[in-house]
Amino acid sequence: MIARMRPFATQWTTLVPPLAVILLVFTWGRELPGGIVAVATLVLAGAVLAAVHHAEVVAHRVGEPFGSLVLAVAVTVIEVALIVTLMMDGGDKSATLARDTVFAAVMITCNGILGLSLLVGSLRHGTAVFNSEGSGSALATVATLATLSLVLPTFTTSKPGPEFSSVQLTFAAVISLVLYGLFVATQTVRHRDYFLPVPRQEKEDTSEGPVEEHAEAPSARTALISLGLLGLALIGVVGLAKGVSPAIESAVDTAGLPHAIVGVIIALLVLLPETIAAVRAARRDQVQISMNLALGSAMASIGLTIPAVALASLWLTGPLILGLGSTHMVLLLLTVLVSALTVVPGRATPLQGGVHLVLLAAYLELAINP
C-alpha cells in the first residue's frame, strides 16, 4: 500500500479528515436532522478509514512499537477530551460516564480487538505468535490500573457509595500516570525488543509477496503530514460520534434498551480505527502489533482518563462514581484470568480468539439485559 502510494494531495484520505472537522464545526452542539445524521455517519466512516491509513504511514516511518503508541495515545487523548466535555454538560448521567466509558474501552480492547486479532492471525497463519514478555507486562499494567481505579472504589469506606475521597482520587490519578509513564518508557526505550513482531523461524516461503515492512519508508515530510491528518481524522471521529449520539440515544430509548448502551456504541465507534489497524496487522502475521494496540489502548484509556477526570472534578459539581458493580467486576476478573492464560504461551490458536470474543459478547449481552 505504502510502496505504491499515489500523489499525496490527490488521495481521498487527505481530503476526508479536513472535511470531517469542517462538518464537525457546523454541527457541534446542534440538534441534527435525519439527513445530516446520515451524512455525518458517512463522513465518520471515511474518517475512520483515513485515520487507519495515516496511522500506518506514521508507523511505517517511525517503526514499532512507536507506531502503535501513536495511534493508541492519539485516540485516547481525544476520547478523554470527549469524556470531560460530556461531564461538563452536567446531569445525573455524567456521574458514571467516566467509569462506563473506561470499562467499555477495557472490555472492547482486551476482548474484542485482542480476540479478533488472534482469531484472524491464527486462522490465516495456523497460530498467532507474539512476545509473551511484552504482552505480559502490558497485561499486568492494565490489570493493576483497572483494579486500583475501577474496583477499589466499590470497597473504600471514606466516602459513601462507590466513590473515592479527594485524597484517594488524587492517589489513583498520580499512580495511573506513573504506571503509564513507566510502561511507555519500558516499551520504547529499555525493552523495546519485547514489543516488536516475532519472526517465524520456520517461515521462509515468500510466495505471498513482499510484506509492508520491506517497502520504502515514507519521507519525513509525508509522515508529518500524515500525523497532522491523523489528528484531524481522530478529532472528526470522536466529535462526529458525539454529534450522532443523540440519534443513537433516541433509537436506544425507542427500542427500550438501557441508556448504558449509548456509551458502548460510542466506544465502539471511537475504537474502530484501532480495531481495523490491529486486524490488518494480524493478517500480515504481526500479531504483536495487534497486542500493542489492544493492551496499549486499554492502558492509555485508564491511565489518561482517571487523571483527567480527577482534575476536572475540581470544578465539576456532583458525584464521580468510579466503582464497578458486582457483575462487571466478575467480567473484569474473568477477562484478566483468560488474558493471562492467553499471553503466557506466546502463541494462540483460534480457540483463544474465540474465548475472548465470547467474553465481549457476554459483556454486550449484559449491557442490553443487565
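Keep in mind it's a predicted model, so treat the numbers as computed, not measured.

Time to look at the overall build of the protein chain. Along its length, the protein chain carries 12 helices and two strands. Scanning the protein chain from its N terminus toward the C terminus, one meets helices and strands in the order α-α-α-α-β-α-α-α-α-α-α-α-β-α. In the protein chain, which comprises 370 residues, the proportion classed as buried is 52%. A sequence separation of at least 24 residues applies to 85% of the contacts in the protein chain between residues at least 6 apart.

Another point: the nonpolar core. Met-87, Phe-103, Leu-118, Leu-240 and Tyr-363 are the most contacted members of the largest nonpolar core, which totals 99 residues. A per-element tally of this core places helix α10 (residues 287-312) first, with 15 residues. When residues no more than four places from it in sequence are discounted, the contact partners of Phe-103 are Leu-150, Leu-324, His-328, Leu-331, Leu-332 and Tyr-363.

Here we come to the packing of helix α2 (residues 34-62) against helix α9 (residues 272-283). α9 packs onto α2 with a crossing angle of 50° between their chain directions and a minimal axis gap of 9 Å. With respect to α9, the element α2 is oriented oblique. The hand of the α2/α9 crossing is right-handed. Contacts between α2 and α9 pair Val-48, Leu-49, Ala-51, Val-52 and Glu-56 from the former with Leu-272, Pro-273, Ile-276, Ala-277 and Arg-280 from the latter. Here the contact of α2 with α9 is composed, by residue class, of eight nonpolar, no polar and two charged.

Helix-helix packing is characterised by the crossing angle of the two axes and by the distance between the axes. The N-to-C vectors of helix α4 (residues 97-125) and α9 enclose an angle of 20°; their axes lie 8 Å apart at closest approach. The angle between α4 and α9 falls in the class roughly parallel. Between α4 and α9 lies a crossing of right-handed hand. Here Ile-113, Leu-116, Ser-117, Val-120, Gly-121, Arg-124 and His-125 of α4 lie close against α9, whose contacting residues are Glu-274, Thr-275, Ala-278, Val-279, Ala-282 and Arg-283. Within the contact of α4 with α9, the residues separate by chemical class into six nonpolar, four polar and three charged.

One non-glycine residue, Asp-285, lies in the positive phi region at around 65°. Following the sequence through the fold, Asp-285 ends up in the loop between α9 and α10.

What counts, and where the lines are drawn
Here, residues in each chain are numbered from 1, in the same order as that chain's written sequence. Per-residue local features are limited, in this predicted model, to residues with pLDDT of at least 70; the limit for side-chain atom pairs, both in listing and counting, is 80 or more; totals at the level of whole chains, interfaces and linings are taken over all residues. Based on all heavy atoms of the structure, the side-chain values leave hydrogens and waters out of the count. By the criteria applied, helices consist of DSSP H or I runs no shorter than four residues and strands consist of E runs no shorter than two, each listed in order from the N terminus. Residue burial is assigned from relative accessible area. The probe radius is 1.4 Å, only protein chains are included, and a residue is buried under 20% of its type maximum, exposed over 50%, and partly exposed in between. Only heavy atoms matter for contacts: two residues are in contact if any of them lie within 4.5 Å across the pair. Put simply, a nonpolar core is a bunch of buried Ala, Val, Leu, Ile, Met, Phe, Trp, Tyr and Cys residues held in one set by side-chain atoms that sit within 4.5 Å of each other. Here the axes come from fitting lines to C-alpha atoms, over the contacting stretch only for helices, and the angles between their N-to-C directions go from 0 to 180 degrees. Roughly parallel means an angle under 35 degrees; roughly antiparallel, over 145; roughly perpendicular, 65 to 115; everything else is oblique. A clockwise turn of the near helix away from the far one marks a right-handed crossing, whereas an anticlockwise turn of less than a right angle marks a left-handed crossing. Here the term charged refers only to Asp, Glu, Lys and Arg, the term nonpolar to Ala, Val, Leu, Ile, Met, Phe, Trp, Tyr, Cys and Pro, and the term polar to all other amino acids, Gly among them.

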